[in-house]
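Chain and residue survey
Here's the letter readout for the chains.
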Amino acid sequence: MKGLKENFQKSQILIIGSGVIGKFNALELSELGCQITIIDPTQHKNSSNAALGLLMGNMYQKRKGRSWNLRKESMALWPKWIELLREFNCELNIAKPLIQLTTNEEKFRKLEKFVNESNDLNLEILEKNSLIIKNINKAFQTNNIKGMISFKDGRINASTLLETLDTYLKNKKVNFVKDEIIKIRKSKNQWIAESRNNETIRSDMIILCNSLNTINLIDDLSQNIKLKPVLGQAIEISVNDSKINLLSLPKQFSINGKNIIPISNNKLIIGSTDEYSTKPEKNFFEKLTNFLDEKPPWLRQELITKKWFGIRSKPDGEPSPIMKNLQNGLIICTGFYKNGILLAPACSKWVANEIKKYLA
Ligand SMILES: Cc1cc2nc3c(=O)[nH]c(=O)nc-3n(C[C@H](O)[C@H](O)[C@H](O)COP(=O)(O)OP(=O)(O)OC[C@H]3O[C@@H](n4cnc5c(N)ncnc54)[C@H](O)[C@@H]3O)c2cc1C
């Protein structure tokens, strides 16, 4: 065991990409004592910074398989990381519960079947007459919403999380470099990464956390990995109707697939769309807000106070995410699509285990 600890402390690891996945890997590995460099040319303009931070773990309707196992593991790991990170920011927390709603009777029956069969006390059906639904009906001026509540799922504020990770990693003396890696190769026992600014970084191991661009760096290594860009979008709306207090609504919920987060008594966030694209279309407002038969009068384009988007990478031809150890000190962690925030703890634990095997 002592030998493994020393190996960790001696090993130089280069993490390419500093979205939530790169940062979380740095967190896990710095806890193990590795010497880490993270490199990224634009670390604040990535998909992670656009994320809403919803942690949809327990409400996932497939209760077996890899995706379910990763979600379950992440949800179990989150409290440990929150506790550690709260030393640097006491505001960091997971706001619970999470609510999934639908106006479609067939989808509701499916939810009902799932909740009944899962035998999980943390999941409950929300019928039309529940107070939560009554408040939502009042605000959205509808009468046919129903769904389920998951007391274990919730939301972490993605910006607060990323800022806290930065503070933590700086405190742990993780080296941040603002540059882009354009080529990686192995020479003898070392990895050599060449950057856009003509820097050469040598390391014992590389972890590729650079989302869509992963494929550009492993072309020469003949990996048959394909990734597609999928746009995620969000808007913040300021509601100018004094009869509506958005704080009477749940902290986070979805209606017919659109995520809704009230952030004050008159402001809420709505996300996200799903287009195979890298640029928002002109009709983004319709795409985000046409989730009911009729829009409430306060849901108007001119009331948008902010809008933003991010490009998520989705694996083509294999399930999300792609976590592969190429056995020679090169690890791939990409293609997290809709769930990078949720899955970051399980992913970084997997990476740490692979590194332990490599160093043992
Ligand atoms: C609107 C929106 C809402 C979302 N909501 C949620 C949610 O509620 N819950 C959830 O779990 N997930 C959500 N997601 C998805 C989540 O944001 C992603 O799955 C996650 O951010 C992926 O993280 P990443 O670190 O892999 O990629 P990114 O955050 O995209 O980071 C990749 C980084 O790699 C860097 N990079 C690229 N090439 C190179 C190179 N050659 N050299 C160095 N650096 C490089 C980039 O600059 C970038 O900073 C949402 C996404 C969007 C857009």
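The structure contained in this document is the topic of the report that follows. (Residues numbered from 1 in each chain as written. Predicted model: local features only at pLDDT ≥ 70, side-chain atom pairs only at ≥ 80, totals over all residues. Heavy atoms only, no water.)

Here we take up the overall build of the protein chain. Regarding its fold elements, the protein chain presents ten helices and 19 strands. Rg of the C-alpha trace for the protein chain: 22 Å, near the compact-globule value of 21 Å for 360 residues, within the 12% margin. Principal axes of the C-alpha set define a box for the protein chain whose edges measure 65 × 45 × 40 Å. Taking as baseline every contact in the protein chain between residues at least 6 positions apart, the subset at least 24 positions apart corresponds to 70%. (Helix = DSSP H or I, 4+ residues; strand = E, 2+ residues; numbered from the N terminus. Rg over C-alpha atoms; globule rule 2.2 N^0.38 Å. Contact = heavy atoms within 4.5 Å.)

What surrounds the ligand is a group of 36 residues, the closest being Asp40, Ser48, Leu54, Tyr337 and Lys338. Within the backbone of Lys338, a nitrogen or oxygen atom sits 2.8 Å from a nitrogen atom of the ligand. In isolation the ligand has 1,000 Å² of accessible area, and contact with the protein removes 94% of it. Its residues placed into classes, the shell around the ligand shows 15 nonpolar, 16 polar and five charged. (Near = heavy atom within 4 Å. Polar contact = N/O pair within 3.5 Å; in protein donor to acceptor, adjacent residues only side chain to side chain. Areas by Shrake-Rupley, 256 points an atom, 1.4 Å probe, with all protein chains shown as cover. Nonpolar A, V, L, I, M, F, W, Y, C, P; charged D, E, K, R; others polar.)

Next up on the list: the pattern of salt bridges. On inspection of all chains with the given rule, the structure shows 21 salt bridges. For Lys113, the salt bridge identified is with Glu117, shortest N-O distance 3.6 Å. With Lys113 and Glu117 both in helix H5 (residues 105–118), this residue pair falls four residues apart, about one helical turn. This pair shows no difference in class: Lys113 is exposed, exactly as Glu117 is. Overlapping salt bridges bring together Glu105, Arg109, Glu112 and Lys146 as one network. (Salt bridge = Lys/Arg side-chain N within 4 Å of Asp/Glu carboxyl O. Buried < 20%, exposed > 50% of the residue type's maximum accessible area, 1.4 Å probe, protein only.)

Below, the discussion takes up H5. Here H5 spans 20 Å end to end across 14 residues, near enough to the 20 Å set by a 1.5 Å rise per residue. Within the span of H5, buried status applies to Phe108, Leu111, Glu112, Phe114 and Val115. In an axial view of H5, the angular spread of the buried residues amounts to 160 degrees, which keeps them on one side of the axis. What points out from H5, more than 90 degrees from its buried face, is the exposed set Glu106, Lys110, Lys113, Asn116 and Glu117. Contacts from the buried residues of H5 go to strand E4 (98–102), strand E5 (123–126) and strand E6 (146–150). For H5, the N-terminal cap is Asn104; the gap from its side-chain oxygen to the backbone nitrogen of Glu106 is 2.9 Å. Of the residues flanking the end of H5, it is Asn119, one or two places downstream, whose phi is positive at about 55 degrees. (Expected span 1.5 Å × (residues − 1). Arc of directions from axis to C-beta.)

The next thing to look at is the packing of aromatic side chains. Scanning the model with the defined rule gives six aromatic pairs in all. On the basis of an interplanar angle of 85 degrees and a centroid distance of 5.4 Å, the ring pair of Phe88 and Tyr168 is categorised as edge-to-face. Pair noted here: Phe88 is in the loop between helix H4 (66–85) and E4 and Tyr168 is in helix H7 (residues 158–171), with a separation of 80 residues, a long-range link. Tyr168 sits in the buried class, given a relative accessible area of 3%. A cation over an aromatic ring shows up here: Lys80 above the ring of Trp81, its NZ or CZ 4.2 Å from the ring centre. The ring of Phe176 has Lys170 lying over it, and the distance from NZ or CZ to the ring centre is 5.7 Å. (Phe/Tyr/Trp six-rings, centres within 6.5 Å; stacked < 30°, edge-to-face > 60°. Lys NZ or Arg CZ within 6 Å of the ring centre and 35° of its normal.)

Remember, this is a structural readout, not a statement about activity or role.
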